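# Reading the structure
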Amino acid sequence: MFNQVSKGKGLRYWRRMPVGSIFLTLLLAALITTPSRGQELSGAPSEESSETYRSSSQSEPGQSTDPSSDWWKTVSENIAESEYFITWQSRTGLKDLSSAWQAPSRSQGFRAYWSDRALRLIPPNPDETQWDWGLRLITHGDETDANCPVKISASVSRNRIDRYLHGVHEWSLNESKGLEQGFILDSPSLEPGTESADAQLSAPFATNEESGHRAEQSQSFPILSMKINGEGSGAIFTAPSNEHVLRYVLQGAQDAKGRKLVAHLEPFSEPGVRGLRLLIDDHEADYPIQVSSLITGSVWTGESNQASARFGVSVATAGDVNGDGYSDVIVGAYEYDNGQTNEGRVFAYYGSAAGLPPTPSWTAESNQASAYFGYSVATAGDVNGDGYADVIIGAYLFDGGQTDEGRAFIYYGSAAGLSATPSWTAESNQASADFGYSVATAGDVNGDGYSDVIVGAYLYDAGQTDEGRTFVYYGSAAGLEPSPSWTAESNQASAYFGYSVATAGDVNGDGYSDVVIGAYLYDNGQTNEGRI
């Protein structure tokens, strides 16, 4: 095993112990060893396994068949889920793989194949393949067993495949968030006191020079480069064009009692193989041990998973709302329904060494029908000076005494992330003013060390119909002021002043932040020419 040795703060190095350890090795380059004769996946569907798959795709026991239920929502969800089902392909179209279990991942931009002891990923269109990535299982014992034909039992149900080999249970779960992949090891690979071969999970990228495959494949697929993050919790694979192709994130390891095990990734290089190695401290761990990882495409994506939610109508950096040193993001879905129609929902995703998570870290809603909460979102900066970024959200049709007056919401950051309830709110106190149509940080306009915010109400009337008004609220140790510290108007009917607002930074170098405001229908010589 590898025993943790601390040196100051955090994990610095590992010491080899005489009990079996676990290695996870990932592909570093764009080649996969072409299976030799007799190495086709032995998990091809029999009549029994095919029937198991078909029956598992049918309605689950207890599933409602009541025609009065929300059948369209159910149908839509089933269709979306079925896109990630794993099916048997008797002819893959790949030159070096005749048949295999396979599944597409539209959201992540790759297609997965499960061949003999290997998980293999390529771009979705085989005719346009420019990279080839794989994860290969090497059995317990000496590494020379890696290329020996071994029968593997496999079972498939919907979007999950389970494979079993020599006391190792390997599983994959294909979902929109990515391909989750893991191993369950029943016992250590070595007896106490043994220091020879370890249980290994490996993905060799280069074939033997004598096999004749290397030269042919290297002409087709470029070698991928790999970068492991500082914490050893994830790696990014990049093509020679500098395009990020895949991300591999270690989700964690635990023993039979649910105790988390210390684990990290490190690079390795051996003859014919380069890649990632996963080291797990199994000292005093109770077997079986379970390891899980998430493989995603080159870019991160998020969705609302609700029809007509308008997820992404507004997006922004949230700053670092939990103070972990990573920036977070905020996304608005202003027509999201969750108890009230079109109430709106805002999603925040917290950054980490592995990037953004597949599911939201925080959400909030207006709890009022047709409020359009989240039509505008932005970082507020740090309005109360506690060291955590805050966010501001606009719901421009919110009713708070006046119909469609609009409301802006502030949520404070903290070590635990954004607050569950609004820390501050403000309204226009005028019907149909659309206050909160635009929101932004104003920077620090008065130089007091606290961030300020700016809110637009482009249909506000103050002498002229729909001239628009913009409101600035100053930050302080107690947070934002309850009433506006500064306002401005266009003094022209239907100018829509405040339709857009933002910090301008410090445009004149006087040490104070400035703001910029748009009035896109302002007339000054030309009709609707606009002015800022």
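All figures in this text were calculated on a predicted structure; none of them were measured in a lab. (Residues numbered from 1 in each chain as written. Predicted model: local features only at pLDDT ≥ 70, side-chain atom pairs only at ≥ 80, totals over all residues. Heavy atoms only, no water.)

## Section: the overall build of the chain
- Looking only at helices and strands, one finds three helices and 33 strands in the chain.
- Counting over 532 residues, the chain shows a buried share of 49%.
- If you take every contact in the chain between residues at least 6 apart in sequence, the share linking residues at least 24 apart comes to 54%.
- Surface exposure of the chain reaches about 24300 Å², of which carbon and sulfur atoms provide 48%. (Helix = DSSP H or I, 4+ residues; strand = E, 2+ residues; numbered from the N terminus. Buried < 20%, exposed > 50% of the residue type's maximum accessible area, 1.4 Å probe, protein only. Contact = heavy atoms within 4.5 Å. Areas by Shrake-Rupley, 256 points an atom, 1.4 Å probe, with all protein chains shown as cover.)

## Some remarks on the sheet that holds strand E25 (residues 390–395)
- The sheet built from four strands is open, its strands ordered E24-E25-E26-E27 with antiparallel pairing. Lying at the two open borders of the sheet, with one neighbouring strand each, are strand E24 (373–381) and strand E27 (424–427). Direction aside, neighbouring strands of the sheet carry axes that sit 20° apart on average.
- Strand direction decides the pairing type here: strand E26 (residues 407–411) and E27, joined by four bridges, are antiparallel. Across the sheet, the residue bridging to Ile-410 is Trp-424, located in E27. (Pairing = 2+ DSSP bridges. Axes fitted to C-alpha atoms, helices over the stretch in contact; angles between N-to-C directions.)

## Notes on the sheet that holds strand E20 (residues 311–319)
- Judged by pairing direction, the sheet is antiparallel, and its four strands sit side by side in the order E20-E21-E22-E23 without closing on themselves. Either end of the sheet is taken by a strand with one partner, and the two such strands are E20 and strand E23 (362–365). On average, adjacent strands in this sheet sit at an angle of 20° to one another, irrespective of strand direction.

## Section: the pattern of salt bridges
- Under the definition given, this model contains 14 salt bridges.
- Between Asp-132 and Arg-120 there is a salt bridge, with its nearest N and O atoms 2.7 Å apart. Taken together, the residues span a long stretch of sequence, with Asp-132 in the loop between strand E7 (118–122) and strand E8 (133–138) and Arg-120 in strand E7 at a distance of 12 residues. Each member of the pair, Asp-132 as well as Arg-120, carries the same accessibility label: buried.
- Residue Arg-345 pairs with Glu-365 through a salt bridge whose shortest N-O separation is 2.3 Å. With a gap of 20 residues between them, Arg-345 in strand E22 (residues 345–349) and Glu-365 in strand E23 connect regions that are remote in the sequence.
- By relative accessible area, Arg-345 is classed as buried at 14%.
- Linked by salt bridges that have partners in common, Asp-255, Lys-257, Arg-259 and Asp-286 make up one network. (Salt bridge = Lys/Arg side-chain N within 4 Å of Asp/Glu carboxyl O.)

## Side note on the side chain of Ser-513
- Along the chain, the position of Ser-513 falls in the loop between strand E32 (497–505) and strand E33 (514–519).
- Those residues within four positions of Ser-513 in sequence are excluded, and the remaining contacts are Ala-442, Gly-443, Asp-444, Val-445, Thr-503 and Gly-505.

## Structural notes on unusual backbone geometry
- Of the consecutive residues Tyr-287 and Pro-288, the connecting peptide bond is found in the cis state with omega at 5°.
- Looking at where Pro-288 falls in the secondary structure, it is placed in the loop between strand E18 (273–280) and strand E19 (289–297).
- At Asn-367, a residue that is not glycine, the phi angle is positive and equals roughly 60°.
- Position of Asn-367 relative to the elements: it lies in the loop between E23 and E24.
- In this structure Asn-367 comes out as exposed when scored by relative accessible area, which is 55%.
- Located in the positive-phi region is Tyr-372, a residue other than glycine, with phi close to 60°.
- Residue placement: Tyr-372 occurs in the loop between E23 and E24.

## Details of the packing of aromatic side chains
- Taken as a whole and assessed by the stated rule, the structure comprises 23 aromatic pairs.
- Aromatic side chains Tyr-334 and Tyr-375 sit 5.1 Å apart centroid to centroid with 90° between the ring planes, which places their arrangement in the edge-to-face category. One end of the pair, Tyr-334, is in the loop between strand E21 (328–333) and E22; the other, Tyr-375, is in strand E24, and 41 residues separate them in sequence.
- Under the relative-accessibility criterion, Tyr-334 is labelled buried at 13%.
- Ring geometry for Tyr-437 against Tyr-499: centres 4.8 Å apart, planes inclined by 45°, an arrangement best described as tilted. With Tyr-437 in strand E28 (residues 435–443) and Tyr-499 in strand E32, this pair connects stretches of sequence that are 62 residues apart.
- The class of Tyr-499 is partly exposed, set by a relative accessible area of 28%.
- Ring-pair connections join several aromatic residues into one group, and the members of that group are Tyr-334, Tyr-372, Tyr-375, Tyr-396, Tyr-437, Tyr-458, Tyr-496, Tyr-499 and Tyr-520. (Phe/Tyr/Trp six-rings, centres within 6.5 Å; stacked < 30°, edge-to-face > 60°.)

## Overview of the nonpolar core
- If you look at the biggest cluster of nonpolar residues, it comprises 37 residues, and the most contacted ones within it are Trp-114, Leu-121, Trp-133, Phe-237 and Leu-246.
- With five residues, strand E16 (residues 244–254) is the largest single contributor of residues to this core. (Core = buried A, V, L, I, M, F, W, Y, C linked by side-chain atoms within 4.5 Å.)

## Concerning the confidence of the model for the chain
- On average, residues of the chain carry a pLDDT of 78, and 73% of them reach 70 or more.
- Segment residues 1–42: pLDDT under 50, and 169 contacts once partners within four positions in sequence are set aside and those in other chains are kept. (pLDDT = per-residue confidence, 0-100.)

## What about the environment of Asp-162?
- Tracing the chain through its elements places Asp-162 in strand E10 (residues 160–165).
- When near neighbours in sequence (up to four residues on either side) are disregarded, Asp-162 contacts Ser-153, Ala-154, Ser-155, His-169, Glu-170 and Trp-171.
- At 2.9 Å, the side chain of Asp-162 forms a polar contact with the side chain of Arg-160. (Polar contact = N/O pair within 3.5 Å; in protein donor to acceptor, adjacent residues only side chain to side chain.)

## Some words on the environment of Arg-106
- Position of Arg-106 relative to the elements: it lies in the loop between strand E5 (100–105) and strand E6 (110–115).
- Arg-106 sits 72 residues away from Gly-178 along the chain, and the two C-alpha atoms are 9.6 Å apart.
- The contact partners of Arg-106, leaving out residues within four places of it in the chain, are Glu-83 and Tyr-84.
- A polar side-chain atom of Arg-106 sits 3.0 Å from a polar atom in the side chain of Glu-83.

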